[in-house]
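What follows is each chain in one-letter form.
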Amino acid sequence: MKPIGPLPPEFAGRSGELVVAGRTAGEWVAEHGSPVFVYDRSVAAARVGRFRAAFPGVDLHYAIKANPFAPLVEAMAGMVDGLDVASAGELRLALAHKPADAISFAGPGKRDAELEAAVAAGVTVNLESENEAERALAIAERLGDTPRLAVRVNPSFELRGSGMRMGGRPSPFGVDTERVPALVRRIVAAGADWRGFHVYAGSQTLDAQAVADTQAATVALAARLAEEAGAEPPLVNLGGGFGVPYFAGDAALDVERVGAALVEALRARPGVLARSRFAIELGRWLVAECGVYLTRVVDRKESGGETFLVVDGGLHHQLAASGNFGTVVRRNYPIAVAGRMETEPEEVVSVVGCLCTPLDRLGDRVALPRADVGDVIALFLAGAYGASASPASFLGHPPAAEVLG
Ligand SMILES: *Cc1c(COP(=O)(O)O)cnc(C)c1O
């Protein structure tokens, strides 16, 4: 038997049948079919509320890449201060729900057409290189627009304990720190509207001290670079990296501790940042826990003394739960039999998807109440990097439904 991770607190309260956004799993499947991703907006709203209480005066941005389902983006847009996008497609989605001055566009390899769309719309482009800066300036000149430009910095530090490190080494992301002041001076001299700095040092950490240390280092770095550039940044985007507990033994990030440390660091910030705003950009911490993937058991079979529950979903919808999206060792996401939330585990089974590959395993030797054909299996933490981060067309099965409740 292998352990499973903790259920998000909103779903851990055991009712007979799993309830998501006020309706039972069975009701969701009856109306929308199986498999279906259900996103509970009240869970995302609770995360926003917790952030607001812990980080007074700090802007909150939602990184659309975590979940671009349009109704969810619309709901998030109404709760946060800014949207962060990483492509022209996400940009269009963001512009439908937020004014341009509340949108920033980061990511390597922005094509000229994407830069043009961003400049024409008036969103902030977080520049990843000097080359990108020159292309953005040339496009703006051709359009006769004043571009909003921020400089993404490749910091010399990384976010400790982070699942995905994006700083402290040679990187396709951001401009190396020693070259940043010259680039800022170039942008300002060219007449662009310089919006400030963007520093992103990593993702998915549960270590509050590591996040706090990184944020303090980022404030210090922004101050030093601003001094050297001779320009005050209107906004310092401190990145994010807040993790969620996916696996057994994971403990939730203590965001109140992170917030208290940041408030302290900002109180003591150098004068060059006195008038700057600060933002934190989050994806999974805001939306991962609000999502549940529901999939029905199609077959129950025994082989070699093991029991397999074969479901009508799989890694083509929820790649991350199969352990094939950015994890080294396959571990179990929280999983349950949706109709038997009150029942103690009765057997050890593997929950496998319907794809013809041994990689398609959503629960590996997990202890669950008995489930039979037709029962609904719930996979939790499906609100981020689920439907949009999975190979939906692999093997030609239909995509999963998505619904916001
Ligand atoms: C991926 C990414 C995010 C969101 O990361 P989460 O782990 O979902 O919070 C935010 N900002 C940037 C620049 C990213 O690349």
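About the cut-offs
- Residues numbered from 1 in each chain as written.
- Predicted model: local features only at pLDDT ≥ 70, side-chain atom pairs only at ≥ 80, totals over all residues.
- Heavy atoms only, no water.
- Helix = DSSP H or I, 4+ residues; strand = E, 2+ residues; numbered from the N terminus.
- Polar contact = N/O pair within 3.5 Å; in protein donor to acceptor, adjacent residues only side chain to side chain.
- Contact = heavy atoms within 4.5 Å.
- UniProt positions renumbered as here; feature names shortened; annotations may be inferred.
- Buried < 20%, exposed > 50% of the residue type's maximum accessible area, 1.4 Å probe, protein only.
- Axes fitted to C-alpha atoms, helices over the stretch in contact; angles between N-to-C directions.
- Parallel < 35°, antiparallel > 145°, perpendicular 65-115°, else oblique.
- Left-handed = near helix turned anticlockwise from the far one by under 90°.
- Nonpolar A, V, L, I, M, F, W, Y, C, P; charged D, E, K, R; others polar.
- Near = heavy atom within 4 Å.
- Areas by Shrake-Rupley, 256 points an atom, 1.4 Å probe, with all protein chains shown as cover.
- Phe/Tyr/Trp six-rings, centres within 6.5 Å; stacked < 30°, edge-to-face > 60°.
- Lys NZ or Arg CZ within 6 Å of the ring centre and 35° of its normal.
- Core = buried A, V, L, I, M, F, W, Y, C linked by side-chain atoms within 4.5 Å.
- Domains from an automatic or database assignment.
- Buried area = accessible area lost by both parts, 1.4 Å probe.

**Brief notes about the side chain of Glu347**
So, step 1. Topologically, Glu347 is positioned in strand 18 (residues 347-352).
So, step 2. Of note is the side chain of Glu347, whose polar atom sits 2.9 Å from the side chain of Arg300.
So, step 3. The contact partners of Glu347, leaving out residues within four places of it in the chain, are Arg300, Val366, Ala367, Leu368, Pro369, Arg370 and Ala371.

**Observations regarding the UniProt feature "modified residue: N6-(pyridoxal phosphate)lysine" (unreviewed entry) in the protein**
So, step 1. According to UniProt, the "modified residue: N6-(pyridoxal phosphate)lysine" (unreviewed entry) feature falls on Lys65.
So, step 2. Note on Lys65: relative accessible area 42%, which makes it partly exposed.
So, step 3. Contact partners of Lys65, with chain neighbours within four places excluded, come to Glu90, Tyr385 and Ser388.

**Let's talk about the packing of helix 6 (residues 112-121) against helix 7 (residues 130-143)**
So, step 1. The N-to-C vectors of helix 6 and helix 7 enclose an angle of 55°; their axes lie 9 Å apart at closest approach. Relative to helix 7, helix 6 is oriented oblique. Note on packing geometry: the crossing formed by helix 6 with helix 7 is right-handed. Counted together, Asp112, Leu115, Glu116, Val119 and Ala120 of helix 6 and Glu132, Arg135, Ala136, Ile139, Ala140, Arg142 and Leu143 of helix 7 form the full contact between these two elements.
So, step 2. A per-class count over the contact of helix 6 with helix 7 returns seven nonpolar, no polar and five charged.

**Concerning the site of the ligand**
So, step 1. If you check the shell around the ligand, you find 12 residues, and the closest are Lys65, Ser203, Glu281, Arg284 and Tyr385.
So, step 2. Glu281 places a side-chain nitrogen or oxygen 2.9 Å from a nitrogen atom of the ligand.
So, step 3. At 2.8 Å from an oxygen atom of the ligand is found a main-chain nitrogen or oxygen belonging to Arg284.
So, step 4. Computed on the free molecule, the ligand has an accessible area of 390 Å², of which 92% lies beneath the protein chains in the complex.

**Here's the deal with the packing of aromatic side chains**
To describe a pair of aromatic rings, you give the distance between the ring centres and the angle between the ring planes.
So, step 1. This model, assessed by the stated rule, comprises 12 aromatic pairs.
So, step 2. Plain terms: the ring middles of Phe37 and Tyr293 are 4.7 Å apart, the flat faces sit at 45° to each other, and that makes the pair tilted. Placement of Phe37 in strand 3 (residues 36-39) and of Tyr293 in strand 15 (residues 291-303) is noted, with a sequence separation of 256 residues between them. Comparing Phe37 with Tyr293, the two get one shared label, buried.
So, step 3. Over the aromatic face of Trp28 sits the side chain of Arg23, whose NZ or CZ is 4.5 Å from the ring centroid.
So, step 4. One residue, Lys110, lies across the ring of Phe105, its end atom 5.5 Å from the ring centre.

**Regarding the environment of Leu262**
So, step 1. Relative to the assigned elements, Leu262 resides in helix 10 (residues 255-267).
So, step 2. A sequence separation of 49 residues divides Leu262 from Asp213, and the C-alpha atoms of the two residues are 9.1 Å apart.
So, step 3. In contact with Leu262, other than residues within four places in its own chain, are Phe55, Val58, Gln215, Val219, Leu238 and Ile280.

**Overview of unusual backbone geometry**
So, step 1. At the junction of Ser34 and Pro35, the peptide bond is cis and its omega measures out at 0° in the coordinates.
So, step 2. Positionally, Pro35 belongs in the loop between helix 2 (25-32) and strand 3.
So, step 3. Not every positive phi belongs to a glycine, and Ala21 is a case in point at roughly 50°.
So, step 4. One can find Ala21 in the loop between strand 1 (19-20) and strand 2 (23-24).

**Observations concerning the nonpolar core**
So, step 1. In this structure, Leu18, Phe55, Tyr62, Phe197, Phe242, Leu294 and Val351 are the most contacted members of the largest nonpolar core, which totals 126 residues.
So, step 2. Considering every element that reaches this core, the biggest residue donor is helix 9 (residues 208-229), with 10 residues.
So, step 3. Two domains share this core, each providing at least three of its residues, namely domain 1 (19-39 + 288-404) and domain 2 (68-282).
So, step 4. Residues contacting Val351, with those up to four places away along its chain left out, are Leu309, Val311, Ile335, Arg361, Leu362, Gly363, Val366, Leu368 and Ile377.

**What to know about the packing of helix 8 (residues 180-189) against helix 9**
So, step 1. Closest axis-to-axis distance for the helix 8/helix 9 pair is 8 Å, and the angle between their directions is 55°. Classed by the angle they form, the pair helix 8 and helix 9 counts as oblique. The handedness of the crossing between helix 8 and helix 9 comes out as right-handed. Of the residues in helix 9, those in contact with Val180, Pro181, Val184 and Arg185 of helix 8 are Leu225, Glu228 and Ala229.
So, step 2. For the contact of helix 8 with helix 9, a count of residues per class yields five nonpolar, no polar and two charged.

**A word on the domain arrangement of the protein**
So, step 1. Per the domain assignment, the segments of the protein are domain 1 (19-39 + 288-404) and domain 2 (68-282).
So, step 2. Summarising the inter-unit geometry, the C-alpha centres of domain 1 and domain 2 are found 34 Å apart.
So, step 3. Taken together, the contact pairs 13 residues of domain 1 with nine residues of domain 2.
So, step 4. Interface of domain 1 and domain 2: buried area, both sides summed, is about 1100 Å²; carbon and sulfur atoms make up 74% of it.
So, step 5. Summed over the shared surface of domain 1 and domain 2, the number is zero residue pairs in polar contact (both at pLDDT 80 or more).
So, step 6. The biggest single contributor to the side of domain 1 that touches domain 2 is strand 21 (residues 401-404), with three residues.
So, step 7. Taken together, the residues that form the side of domain 1 that touches domain 2 break down as seven nonpolar, three polar and three charged.

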